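Residues per chain are reported as follows:
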Amino acid sequence: MPTMIEGGYRGQVVWLGYVPEDAGLQSTALDRVDMGFHGVTGEKHSGETRPSCSRMTMLYPKGTKVRNVRQLTILSQEELDGIARDIQLDKLDPGLLGASIVLSGIPDFTHVPPSSRLVAPSGLTLTIDMENLPCVFPGREIEENAPGHGKPFKTAAKHRRGVTAWVERPGALAVGEQMILFVPSQRGWEP
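Reference entry: report on the structure contained in this document. (Residues numbered from 1 in each chain as written. Predicted model: local features only at pLDDT ≥ 70, side-chain atom pairs only at ≥ 80, totals over all residues. Heavy atoms only, no water.)

## Things to note about the packing of aromatic side chains
No. 1: Inspection of the entire model under this criterion finds 0 aromatic pairs.
No. 2: In this structure, R67 packs its charged tip against the face of W166, placed 4.4 Å from the ring centre. (Phe/Tyr/Trp six-rings, centres within 6.5 Å; stacked < 30°, edge-to-face > 60°. Lys NZ or Arg CZ within 6 Å of the ring centre and 35° of its normal.)

## Concerning the layout of surface pockets
No. 1: Taken as a whole, the largest pocket encloses approximately 580 Å³ of empty space.
No. 2: Lining the largest pocket are 22 residues; nearest its centre among them are L25, H45, C53, R55 and R70.
No. 3: Contributing elements (two or more residues each) for the lining of the largest pocket: β4 (49-51) and β6 (72-76).
No. 4: Residue composition of the lining of the largest pocket, grouped by class: 8 nonpolar, 9 polar and 5 charged.
No. 5: Of the pockets and cavities examined, the second largest pocket occupies roughly 250 Å³.
No. 6: Looking at the second largest pocket, the residues that line it are R50, R55, M56, L59, V66, R67, V69, R70, D129, M130, E131 and L133.
No. 7: Listing elements by their share of the lining of the second largest pocket, those giving two or more residues are β5 (65-67) and β9 (125-131).
No. 8: At 3 residues, β9 tops the list of elements feeding residues into the lining of the second largest pocket.
No. 9: Split by residue class, the lining of the second largest pocket holds 6 nonpolar, no polar and 6 charged. (1 Å grid on protein atoms, 1.4 Å probe; cavity = no way out; pocket = protein on both sides within 12 Å on 5 of 7 lines; lining within 4 Å. Points joined across faces, edges and corners; volume = space filled by probe spheres on them. Helix = DSSP H or I, 4+ residues; strand = E, 2+ residues; numbered from the N terminus. Nonpolar A, V, L, I, M, F, W, Y, C, P; charged D, E, K, R; others polar.)

## Things to note about the side chain of E79
No. 1: Counting through the fold element by element, E79 comes out in helix α1 (residues 77-86).
No. 2: Leave out the neighbours within four places in its chain, and E79 touches D108, F109, T110, H159, R160 and G162. (Contact = heavy atoms within 4.5 Å.)

## Quick look at helix α2 (residues 136-145)
No. 1: Buried within α2 are the following residues: P138, G139, E141 and I142. The buried side chains of α2 occupy one side of the element, clustering within an arc of 160 degrees when seen end-on. Projecting away from the buried face of α2 at angles above 90 degrees are the exposed residues R140 and E144.
No. 2: Buried residues along α2 sit against α3 (153-156). (Buried < 20%, exposed > 50% of the residue type's maximum accessible area, 1.4 Å probe, protein only. Arc of directions from axis to C-beta.)

## Overview of α1
No. 1: For α1, every residue scored as buried is listed here: E79, L80, G82, I83 and A84.
No. 2: Each element contacted by the buried residues of α1 is listed here: β6, β7 (101-104) and α3.
No. 3: Positive backbone phi, at 60 degrees, marks Q88, one or two positions downstream of α1.

## Section: the pairing of strand β12 (residues 178-184)
No. 1: β12 sits mainly inside the fold: 5 of its 7 residues count as buried.
No. 2: Where strand β1 (residues 4-18) meets β12, 6 bridges bridge the pair, whose relative direction is antiparallel. Each residue of the ladder has a partner; that of E6, found in β12, is F182.
No. 3: Relative to β12, strand β8 (residues 117-119) runs antiparallel, the two being bridged by 3 bridges. Within β12, the position partnered with L118 by the bridge is L181. (Pairing = 2+ DSSP bridges.)

## Some details on a nonpolar patch on the surface
No. 1: Together, M58, L59 and Y60 line one region of the surface with nonpolar side chains, adding up to about 340 Å² of accessible area.
No. 2: Here Y60 shows up in the loop between β4 and β5. (Patch = residues over 30% accessible without salt bridge, like charges linked within 9 Å, V, L, I, M, F, W, Y side chains within 5 Å. Areas by Shrake-Rupley, 256 points an atom, 1.4 Å probe, with all protein chains shown as cover. Salt bridge = Lys/Arg side-chain N within 4 Å of Asp/Glu carboxyl O.)

## A closer look at the pattern of salt bridges
No. 1: Applying the stated rule across the entire model yields 4 salt bridges.
No. 2: Taking the shortest distance from any N to any O, the salt bridge between R10 and E6 comes out at 3.9 Å.
No. 3: The exposure class assigned to R10 is partly exposed, which follows from its relative accessible area of 45%.
No. 4: Notably, a salt bridge pairs R32 with D34, separated by 3.0 Å at the nearest N-O pair.

Just distances and angles here, no functional claims.
Here it is as structure tokens:
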């Protein structure tokens, strides 16, 4: 019995980025990227494990070694456009948000179910962890590049900040390719 079903949507890769290990938050645009089980070699968020952060203090002390399910930040172009409108910018550079991948064509992308998969033509398979809650750091990057527009980012990005993900199957990905969305076949939780 399959645990995943095709979600009926494909996302076109419209942007790829890479955050160098020694950099801050900003990512640099790429045309193509190779990913291993660790993520992207040399990328700030790569690694099969990472120290837990403030997002996990209800589970572990900060700094506890945990599985790295935040190797990648995947955003929706449609949601980025909505954020840009709300903070009164014509366009929002995904590099300012530390984006790894920007997809177009999957509605309500930030809320695809956790454990959904995105599969690339190379066989690269990414597992979605969960919604990437907005924080103040991208707002600071936006403010530095477009004064007067960064402060409202956190509010504008609520429920539109994309997802974090990790590499389940290594492979390559290029701008212009399509990724197929698969979602878990289980029903929604109804406690």
